[in-house]
Amino acid sequence: MKPRACRCALRSVDPLGWVRGRAAAAGLAAMLLAACGTPPVTVATPQVDGPQVPAVVQPVVADVNGQVLGRNDRLLIYRPASGDQLGSIAARFLGSADLAWMLAEANGVTMVEAGSPLIIPLRPLNPLGVTADRVQTVPILCYHRFGTGNSKMIISPARFASQLEWLSRNGYHVVRLADVQGFLSGQQPLPPKSVVITIDDGYESVHRHAFPLLRQYGFPATLFVYSDFIGAGDALRWPQLQEMASSGLVDIQSHSKSHRNLIERLPVETEDRYRANLDAEMTVPRDVLQRRLTGVKIRHMAYPFGDANATVVDSAARNGYELAATVVPGGNAFNAQPLLLRRTMIFGDLDLDGFKSRLQTYRNLATP
């Protein structure tokens, strides 16, 4: 069969059909190779070039990195070699080992079997996280203080550790808040069971108790600080903020300047003065944090007390914020409002079963 016929055969496969399983991958690879009865041609390791990738099947001979059986601009069929892992294959073809979940999802596998072909999606199969019966949602968890005490706002290090351990052992993916922005725009799919960790205010206990545990599990988190609090009382100091920011795990973002309730206009404020003060609550922490902390770019915020109205949201948008969070509980689907994200409070008296119930990673779609 001529190359043109091979191209048609490959295009007949629908990448949005959620082809899964190693048997399906093997059958697809066999179909493509049978359709393209041309001798294999040795080529260099393919690069993911998006729409520039030729939509022509090009079987190649095996090398030390396994064997590419065929590809077009959407899919690649790969026969793994001994020693291949999902992470190493994702790094080779998709540019990051963190995208191993895409291979697991597309093939319905948790590990690689040498010689058993895998489908490698070169473009996201389902960036919105929508299937026939459900829609993916991303819960954003909200913590405040860590240590001992009777306040509901304080969570013990042991309880926080048990929550992180449970996430780690049960297939959850702790992603960065910045990743949610790509998900909301339809540009970046997120792994199933994605969750975001955020911490508000900027207490010193974050550095003392939470940061070592985040580092132990390799989980990223966003720390929302209000700039007037830094260095005061039991608040974080600048060197501690810089240490956490430089770790690559903790993203420092804004929690306003003074932590006032932004929806409440003070009796002494005129409408114009109120709007000017709102803008200051947005701009001052952004400017201070970016000036004092190396490598920090402020583009997200958490509203104090989780409260926002149209005036507050307008100020956030006008001052360049891309994501902003409330404390309305629940998960965020692809169509969530970026400046009114839901966040779920995690209190100190919440047991592990209660914690599990807060992890809304999908929403069932109503059936007729």
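What you see is a predicted model, and the numbers here were worked out from it, not measured in a lab.

*Asks:* Explain the environment of W101 to me, and be specific about the residues and the numbers.
*Replies:* For W101, the position within the fold is in helix α4 (residues 100-107). The exposure class of W101 is buried, given its relative accessible area of 13%.

*Asks:* Tell me about the packing of helix α9 (residues 271-292) against helix α10 (residues 310-318), and name the residues and values.
*Replies:* A packed helix pair is summarised by two numbers, namely the angle formed by the two axes and the spacing between the axes. Closest axis-to-axis distance for the α9/α10 pair is 9 Å, and the angle between their directions is 50 degrees. When the axis of α9 is compared with that of α10, the two are oblique. In terms of crossing hand, the pair formed by α9 and α10 is right-handed. Here Y274, R275, L278, D279 and M282 of α9 lie close against α10, whose contacting residues are T311, V312, S315, A316 and R318. Of the residues that constitute the contact of α9 with α10, the class distribution is five nonpolar, two polar and three charged.

*Asks:* Help me get a handle on a nonpolar patch on the surface, residues and values and all.
*Replies:* Together, L128, V130 and L365 give the surface a local cluster of nonpolar side chains, amounting to about 190 Å² of exposed area. Tracing the sequence through the fold places L128 in the loop between β3 (118-121) and β4 (134-136).

*Asks:* Which residues make up the packing of helix α3 (residues 86-94) against α4, and what values go with them?
*Replies:* Two elements in contact, α3 and α4, have axes whose closest approach is 8 Å; the angle formed by their N-to-C orientations is 105 degrees. It follows that α3 is roughly perpendicular to α4 by the angle criterion. Contacts from L86, G87, I89, A90 and L94 in α3 reach A100, L103 and A104 in α4. When the residues that make up the contact of α3 with α4 are grouped by side-chain class, the tally is seven nonpolar, one polar and no charged.

*Asks:* Outline the packing of aromatic side chains, supporting the account with residue identities and numerical values.
*Replies:* Each aromatic ring pair is characterised by the separation of its centres together with the angle its planes make. Applying the stated rule across the entire model yields eight aromatic pairs. With a centroid separation of 5.2 Å and 75 degrees between ring planes, the pair formed by Y203 and F229 is classed as edge-to-face. Of this pair, Y203 sits in the loop between β9 (194-201) and α7 (204-217) while F229 sits in the loop between β10 (221-225) and α8 (238-246); the two residues are 26 residues apart in sequence, bridging distant segments of the chain. Grouped by ring-pair contacts, the aromatic residues Y143, F146 and F160 constitute a single cluster. One Lys or Arg, R134, reaches over the ring of Y362 and ends 3.6 Å from the middle of that ring. Seen from the ring of F347, K152 lies directly overhead, with NZ or CZ sitting 4.4 Å from the centre.

*Asks:* I'd like a rundown of the layout of surface pockets, residues and numbers included.
*Replies:* Unfilled space is identified by rolling a water-sized probe across the atoms. Volume-wise, the largest pocket comes out at about 580 Å³. For the largest pocket, the lining is made up of 24 residues, of which D98, L99, W101, V175 and P191 are closest to its centre. Elements represented by at least two residues in the lining of the largest pocket include exactly α4 and β8 (173-174). In this structure, the second largest pocket encloses a volume near 350 Å³. In terms of lining residues, the second largest pocket is bounded by 20 residues, among which E105, N126, G129, Q136 and P192 are the most central.

*Asks:* I'd like a description of the confidence of the model for the chain, backed by residues and values.
*Replies:* Here the chain shows a mean pLDDT of 86. Residues at 70 or above account for 82%. Ignoring residues within four places in sequence, the model shows residues 1-26, a span with pLDDT below 50, making 48 contacts including any to other chains. Confidence drops under a pLDDT of 50 for residues 32-63, and excluding neighbours within four residues, the segment shows 60 contacts in the predicted structure.

*Asks:* How would you explain the pairing of β3 if you had to name every residue and give the values?
*Replies:* Burial along β3 is two-sided: L118 and I120 facing one way and I119 and P121 facing the other are all buried. Direction of pairing for strand β2 (residues 75-79) relative to β3: antiparallel, over a ladder of four bridges. For L75, the partnering residue across the bridge sits in β3 and is P121.

Reading the values: rules and limits
- Residues numbered from 1 in each chain as written.
- Predicted model: local features only at pLDDT ≥ 70, side-chain atom pairs only at ≥ 80, totals over all residues.
- Heavy atoms only, no water.
- Helix = DSSP H or I, 4+ residues; strand = E, 2+ residues; numbered from the N terminus.
- Buried < 20%, exposed > 50% of the residue type's maximum accessible area, 1.4 Å probe, protein only.
- Axes fitted to C-alpha atoms, helices over the stretch in contact; angles between N-to-C directions.
- Parallel < 35°, antiparallel > 145°, perpendicular 65-115°, else oblique.
- Left-handed = near helix turned anticlockwise from the far one by under 90°.
- Contact = heavy atoms within 4.5 Å.
- Nonpolar A, V, L, I, M, F, W, Y, C, P; charged D, E, K, R; others polar.
- Patch = residues over 30% accessible without salt bridge, like charges linked within 9 Å, V, L, I, M, F, W, Y side chains within 5 Å.
- Areas by Shrake-Rupley, 256 points an atom, 1.4 Å probe, with all protein chains shown as cover.
- Salt bridge = Lys/Arg side-chain N within 4 Å of Asp/Glu carboxyl O.
- Phe/Tyr/Trp six-rings, centres within 6.5 Å; stacked < 30°, edge-to-face > 60°.
- Lys NZ or Arg CZ within 6 Å of the ring centre and 35° of its normal.
- 1 Å grid on protein atoms, 1.4 Å probe; cavity = no way out; pocket = protein on both sides within 12 Å on 5 of 7 lines; lining within 4 Å.
- Points joined across faces, edges and corners; volume = space filled by probe spheres on them.
- pLDDT = per-residue confidence, 0-100.
- Pairing = 2+ DSSP bridges.

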